[in-house]
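# Notes for the structure review
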Amino acid sequence: MTTRVMLVSPAFDDAARAVRFPADEALTPAGLHRARAARPAAAALPADRALTSPSARCQETAEALGLRAVPDPGAAGCAMGRWRGLALEDVLAAEPEGVAAWLTDPDSAVHGGEPLTRFLGRVTDWLTGLMAEGGRVVAVVEPDVVRAAVVCALGAPPSSFWRVDVPPLTVTALSGRDGRWNVRVTAELGQGAREGAG
């Protein structure tokens, strides 16, 4: 049986606008408006169940899209330790070597949070669980969860995590069977995402 998972990235929030490590910020008014405008497209996504990362922005996005989504701890974003809530520019100024290690060594946890390899393993386990349950799932998840899912689905090296761009309110569709995933990136929700959901 094929499992279909549609990963929806959250709408815009203040952390994304300010290029900060997220600290569970709410959506901006503009982000909330865009999510509500995409509600008809979200309603057209074929799904048996809906999940969300436990963050405020993902839960607010799911609600604005009209999804009755259940928060799933397995879909939480990467834990950023002491960098949580800080601007990338400030962290670069204070800890340039730490940022360099974080970007080049997937086992690095200089921030006191979750190393990339552990995060990728957690997302792999989450996807494996979804495949075991089967069916069609729509999940509003953190952009880094989408990146990790693409890396895991393709069996790509951890370094490729930094090369996946995930704009707000986009759908990345995974179809899985027998331990393998295929990836289909679609347009912004409401701008052709329905064609890629099949």
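Here's a quick rundown of the structure.

The rules we used
Residues numbered from 1 in each chain as written. Predicted model: local features only at pLDDT ≥ 70, side-chain atom pairs only at ≥ 80, totals over all residues. Heavy atoms only, no water. Phe/Tyr/Trp six-rings, centres within 6.5 Å; stacked < 30°, edge-to-face > 60°. Helix = DSSP H or I, 4+ residues; strand = E, 2+ residues; numbered from the N terminus. Buried < 20%, exposed > 50% of the residue type's maximum accessible area, 1.4 Å probe, protein only. Pairing = 2+ DSSP bridges. Core = buried A, V, L, I, M, F, W, Y, C linked by side-chain atoms within 4.5 Å. Contact = heavy atoms within 4.5 Å. Salt bridge = Lys/Arg side-chain N within 4 Å of Asp/Glu carboxyl O.

Further remarks concern the packing of aromatic side chains. The final tally for this structure, using the stated rule, is six aromatic pairs. On the numbers, 5.5 Å between centres and 35° between planes, the contact of Phe 21 with Trp 83 is tilted. Remark: Trp 83 occurs in the loop between strand 3 (70-71) and helix 5 (88-94) and Phe 21 occurs in the loop between helix 1 (14-18) and helix 2 (29-37); sequence separation between them is 62 residues. Geometrically, the ring pair formed by Trp 102 and Trp 162 is edge-to-face, given 4.8 Å between the ring centres and 75° between the ring planes. With Trp 102 in helix 6 (residues 96-104) and Trp 162 in the loop between helix 8 (143-154) and strand 5 (170-177), this pair connects stretches of sequence that are 60 residues apart. Trp 102 gets classed as buried once you look at its relative accessible area, which sits at 12%. Residue classification places Trp 162 among the partly exposed positions, given a relative accessible area of 33%.

Turning to its location among the elements, Glu 89 is positioned in helix 5. Along the sequence, Glu 89 and Ala 41 sit 48 residues apart, while their C-alpha atoms lie 36 Å from each other.

Our focus in this paragraph is the pairing of strand 4 (residues 136-140). Within strand 4, four of the five residues are buried, leaving the element largely enclosed by the surrounding structure. For strand 1 (residues 3-8) and strand 4, the ladder comprises five bridges, and the chain directions are parallel. Residue pairing across strands places Leu 7 opposite Ala 139, the latter belonging to strand 4. For strand 2 (residues 49-52) and strand 4, the ladder comprises four bridges, and the chain directions are parallel. Pairing of Leu 51 across the sheet is with Ala 139, part of strand 4.

What follows concerns the nonpolar core. Judged by nonpolar contacts, the single largest core of 32 residues is most densely connected at Leu 7, Phe 119, Trp 126, Leu 127, Val 141 and Leu 174. Put simply, the parts of the chain that give this core at least two residues each are strand 1, helix 6, helix 7 (116-133), strand 4 and helix 8. A per-element tally of this core places helix 7 first, with eight residues. Dropping the residues within four chain positions of it, Val 141 is found in contact with Leu 7, Val 8, Ser 9, Pro 10, Ser 53, Cys 58, Ala 75, Trp 126 and Val 146. With 16 residues, the next largest nonpolar core counts Ala 62, Leu 67, Ala 173 and Leu 189 among its residues.

Among the six residues of strand 1, five are classified as buried, and the element is accordingly described as predominantly covered. As paired elements, strand 1 and strand 5 share six bridges and run antiparallel to each other. Within the sheet, the bridge partner assigned to Val 5 lies in strand 5 and is Leu 174.

Scanning the entire structure with this criterion turns up seven salt bridges. One salt bridge in this structure joins Arg 49 and Glu 133, with 3.0 Å as the shortest N-O distance. Of the two residues, Arg 49 is situated in strand 2 and Glu 133 in helix 7; the sequence distance between them amounts to 84 residues. The salt bridge partner of Arg 122 is Glu 114, with a shortest N-O separation of 2.9 Å. Judged by its relative accessible area of 9%, Glu 114 is buried.

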